[in-house]
Amino acid sequence: MNAMQTGEFIAAFREAFGPVPELPLLFRYTDEPLRPVEKVGGCFFKVLAQARGGQPVGLNASNIGCGGGKFYTGFSPMPEFVPQFVSLRERYKQTPEMVLEFIAALDLRPAPKAWIEFVRVDAAGTFEGAEGVLFFATPDVLAGLVTWAGFDNDAPDAVAAPFGSGCSTVVSQAVRENRNGGHRCFLGLFDPSVRPWVGADELCFVIPMSRFAGMCGTMRASCLFGTHAWDKVRERINNVNL
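Please read these numbers as outputs of a predicted model, since none were measured by experiment.

Can you tell me about the layout of surface pockets, naming the residues and giving the values?
Gaps left between atoms are located by rolling a probe of water-molecule size over the structure's atoms. Here the largest pocket is characterised by a volume of approximately 390 Å³. Cys66, Gly68, Glu90, Ser165 and Asp191 are, among the 24 residues lining the largest pocket, the residues nearest its centre. Looking at the lining of the largest pocket, the elements with two or more residues in it are helix 3 (67-72), helix 4 (82-89) and helix 8 (166-179). Here the residues of the lining of the largest pocket sort into 15 nonpolar, seven polar and two charged.

In structure tokens:
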């Protein structure tokens, strides 16, 4: 499967997972967003509900209201308060020094273009320019995604669950992985600060574009097509005969 063919991917995804799971979002940097949104106060994940509903969401340095969100998407330098805030206020890391070590490892760089946008795959029309593919998924759907990611990859971190805010796990990790030609996928949305803006039974799964084409090429050979175990899970996902 050519990763540039969104229609082919959507058809395969529906065949593998059924009609109930929502289609993933693509995120990409652009100078011409399809649909800029009003300024978002606090976590920008609250506005991604619009993208999940089919309306593209364009974000930039002006309409992202969270300092961390601007930083992790590459639109601003690190705010001076971040190490102390994450450690002493949010208590997500034991010390501010640990926060700085975490940030240094992300190798964050300035955004390459003025906007980042999130677009549902059926509204995008192409994978061109995408940094990653973002799934919001229940445990049963995650089971399929994680198993698919491990089909042709024996690395112990084929699927990683790094610490971080929702935006750092989804955007920063995937952008770095894509830039480096890496093959890790990421589980995310464990950050308590982002949890109110997603479903209680949802996490996210992010496939960097550097990994996506390869995974599409193995999709039909994996357990997602024609195996007894996955068929039972797929049936439950779609509430068939329940």
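There's plenty left to go through after this.
So what's going on with the pairing of strand 3 (residues 115-120)? Residues and values would help.
Where burial is concerned, most of strand 3 is hidden: five out of the six residues are buried. Sheet topology places strand 1 (residues 25-30) next to strand 3; six bridges connect them, and they run antiparallel. Bridge pairing in strand 3 places Thr30 opposite Trp115. By the bridge criterion, three bridges tie strand 2 (residues 57-59) to strand 3 in an arrangement that is antiparallel. The partner of Leu59 across the bridge, within strand 3, is Ile116.

Tell me about the packing of aromatic side chains, residues and numbers included.
By the definition in use, this model includes 15 aromatic pairs. Measuring from centroid to centroid gives 5.9 Å for Phe13 and Phe135, while their planes differ by 40°, and the two rings are tilted. A residue pair is termed long-range when its members are at least 10 positions apart, and Phe13 in helix 1 (residues 6-17) and Phe135 in strand 4 (residues 130-137) qualify at 122 residues. Exposure remark for Phe135: the relative accessible area of 2% places this residue in the buried category. With a centroid separation of 6.1 Å and an interplanar angle of 70°, the aromatic rings of Tyr29 and Phe75 are classed as edge-to-face. On the criterion of sequence distance, the pair formed by Tyr29 in strand 1 and Phe75 in the loop between helix 3 and helix 4 is long-range, its members being 46 residues apart. Looking at Arg52, its charged tip hangs above the ring of Phe136, at a distance of 4.0 Å from the centre. Above the ring of Phe163, the side-chain terminus of Lys93 is found at 4.5 Å from the ring centroid.

Please provide a residue-by-residue account of the sheet that holds strand 1, values included.
Ordered by their spatial adjacency, seven strands build an open sheet running 2-3-1-4-7-6-5, and the pairing between neighbours is mixed. The open sheet has two free edges, formed respectively by strand 2 and strand 5 (159-160), since each of these has just one partner strand. When strand 4 meets strand 7 (residues 203-208), the two strands line up antiparallel, connected through six bridges. In the strand pairing of strand 7, Phe135 is matched with Phe205. Packed onto the sheet, helix 7 (residues 139-150) meets strand 4, strand 5, strand 6 (185-188) and strand 7 and runs at close to 25° relative to strand 7.

An account of the side chain of Thr218 is needed here, citing residue identities and associated values.
If you trace the backbone, Thr218 turns up in helix 9 (residues 209-218). Apart from residues no more than four positions distant in its own chain, Thr218 is found in contact with Trp148, Phe151 and Asp152.

Kindly report on the pattern of salt bridges, identifying the contributing residues and their values.
Summed over all chains, the structure comprises 10 salt bridges. Between Asp107 and Arg179 there is a salt bridge; the shortest N-O distance is 3.0 Å. Of the two residues, Asp107 is situated in the loop between helix 5 (96-106) and strand 3 and Arg179 in helix 8; the sequence distance between them amounts to 72 residues. Note on Asp107: relative accessible area 31%, which makes it partly exposed. Residue Arg236 is joined to Asp140 by a salt bridge in which the shortest nitrogen-to-oxygen separation is 2.8 Å. Here the residue Arg236 occupies a position in helix 10 (residues 228-237), and Asp140 occupies one in helix 7, the gap between them amounting to 96 residues. A cluster of three or more residues bridged by salt bridges with shared partners is formed by Glu22, Arg52 and Glu202.

Before we move on, can you summarise the side chain of Asp140 with the specific residues and values?
By relative accessible area, Asp140 is classed as buried at 18%. Separated by 2.8 Å, the side chains of Asp140 and Arg236 make a polar contact.

Definitions and cut-offs
- Residues numbered from 1 in each chain as written.
- Predicted model: local features only at pLDDT ≥ 70, side-chain atom pairs only at ≥ 80, totals over all residues.
- Heavy atoms only, no water.
- 1 Å grid on protein atoms, 1.4 Å probe; cavity = no way out; pocket = protein on both sides within 12 Å on 5 of 7 lines; lining within 4 Å.
- Points joined across faces, edges and corners; volume = space filled by probe spheres on them.
- Helix = DSSP H or I, 4+ residues; strand = E, 2+ residues; numbered from the N terminus.
- Nonpolar A, V, L, I, M, F, W, Y, C, P; charged D, E, K, R; others polar.
- Buried < 20%, exposed > 50% of the residue type's maximum accessible area, 1.4 Å probe, protein only.
- Pairing = 2+ DSSP bridges.
- Phe/Tyr/Trp six-rings, centres within 6.5 Å; stacked < 30°, edge-to-face > 60°.
- Lys NZ or Arg CZ within 6 Å of the ring centre and 35° of its normal.
- Contact = heavy atoms within 4.5 Å.
- Axes fitted to C-alpha atoms, helices over the stretch in contact; angles between N-to-C directions.
- Salt bridge = Lys/Arg side-chain N within 4 Å of Asp/Glu carboxyl O.
- Polar contact = N/O pair within 3.5 Å; in protein donor to acceptor, adjacent residues only side chain to side chain.

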